[in-house]
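# Survey of secondary and tertiary structure
Spelled out from the first residue to the last, the chains are:
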Amino acid sequence: MIYKIFAGTVLALAVLIFVALRVNTTGSFERTFNASPDKLWRVWNDPDFIKKWWGPKDFTAPNIRNDPRVGGTYLWSMKSPKGEMFWNRGVYKEVLPNSRIVSTMSFSDATGRAIPGSQAPVPGHWPNEIMVITEFTESGGKTKVTVTEVGIPLIVKILSKIAWHQQFNKIESLL
């Protein structure tokens, strides 16, 4: 009897992991900062600031190119503590200063050439690109930043929440 329960549990976990790797979802991450939207906008979009906050704790961002205007592109790198390099590129679809940014995001190589989602260097079944929506909402002298990532693998949603929390901590230290 115990073997049947154990086998059933292992099978259920395997199915859950398979689904979490294959199913895509939307993640939404937010933080309220004690700063004005224009100050946050600068920290969010200026390459010198992005280098200081892009990536989770202990990651660096040695190479940042950013052109935040409709049709503009970006190429951002992230270096892990082990020296692994990760590259993201995208195109800005909507840019409303101090208010809203909508862009695509793909994995890429160092030249900015997109890498198919099937070859993404992180867990999960990635589409070729995801949509990223960033909103800046002012209230009472503070600004709430909400980042919504549409199309991320379900298994990555938890990791993204941790990463965004750490990135928000870095941003807070810059304000």
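For the structure given in this document, a descriptive report is provided here. (Residues numbered from 1 in each chain as written. Predicted model: local features only at pLDDT ≥ 70, side-chain atom pairs only at ≥ 80, totals over all residues. Heavy atoms only, no water.)

This model, assessed by the stated rule, comprises five salt bridges. Between Arg-69 and Asp-67 there is a salt bridge, with the nearest N and O atoms lying 2.9 Å from each other. Using a relative accessible area of 47% as the deciding quantity, one classes Arg-69 as partly exposed. Of the residues examined, Asp-67 reaches a relative accessible area of 29% and is grouped as partly exposed. A salt bridge links Glu-94 to Arg-100; the shortest N-O distance between them is 3.0 Å. By relative accessible area, which is 27% here, Glu-94 ends up partly exposed. Arg-100 gets classed as partly exposed once you look at its relative accessible area, which sits at 24%. (Salt bridge = Lys/Arg side-chain N within 4 Å of Asp/Glu carboxyl O. Buried < 20%, exposed > 50% of the residue type's maximum accessible area, 1.4 Å probe, protein only.)

Within the fold, Asp-67 resides in the loop between strand E2 (64–66) and strand E3 (73–79). Placed 21 residues apart in sequence, Asp-67 and Asp-46 show a C-alpha to C-alpha distance of 9.2 Å. Sequence-distant contacts of Asp-67, defined by excluding residues within four places in its chain, comprise Gly-72, Thr-73 and Tyr-92. (Helix = DSSP H or I, 4+ residues; strand = E, 2+ residues; numbered from the N terminus. Contact = heavy atoms within 4.5 Å.)

To continue, consider the side chain of Ser-80. Residue placement: Ser-80 occurs in the loop between E3 and strand E4 (85–96). A relative accessible area of 6% means that Ser-80 is categorised as buried. Apart from residues lying up to four places away in sequence, Ser-80 is in contact with Phe-59 and Phe-86.

Attention now goes to the pairing of strand E7 (residues 142–153). Note on strand geometry: in a regular strand, side chains alternate between the two faces of the sheet. A large share of E7 lies buried, amounting to nine of its twelve residues. Where strand E1 (residues 24–33) and E7 come together, ten bridges link them in antiparallel fashion. Directly across from Thr-32, in E7, lies its bridge partner Lys-144. Here strand E6 (residues 130–139) runs beside E7; their pairing, made up of nine bridges, is antiparallel. Within E7, the residue paired with Val-132 across the bridge is Glu-149. In this antiparallel pair of consecutive strands, E6 and E7, the connection spans two residues, and Gly-140 shows a positive phi of 60 degrees. (Pairing = 2+ DSSP bridges.)

None of this, on its own, says anything about what the molecule does.
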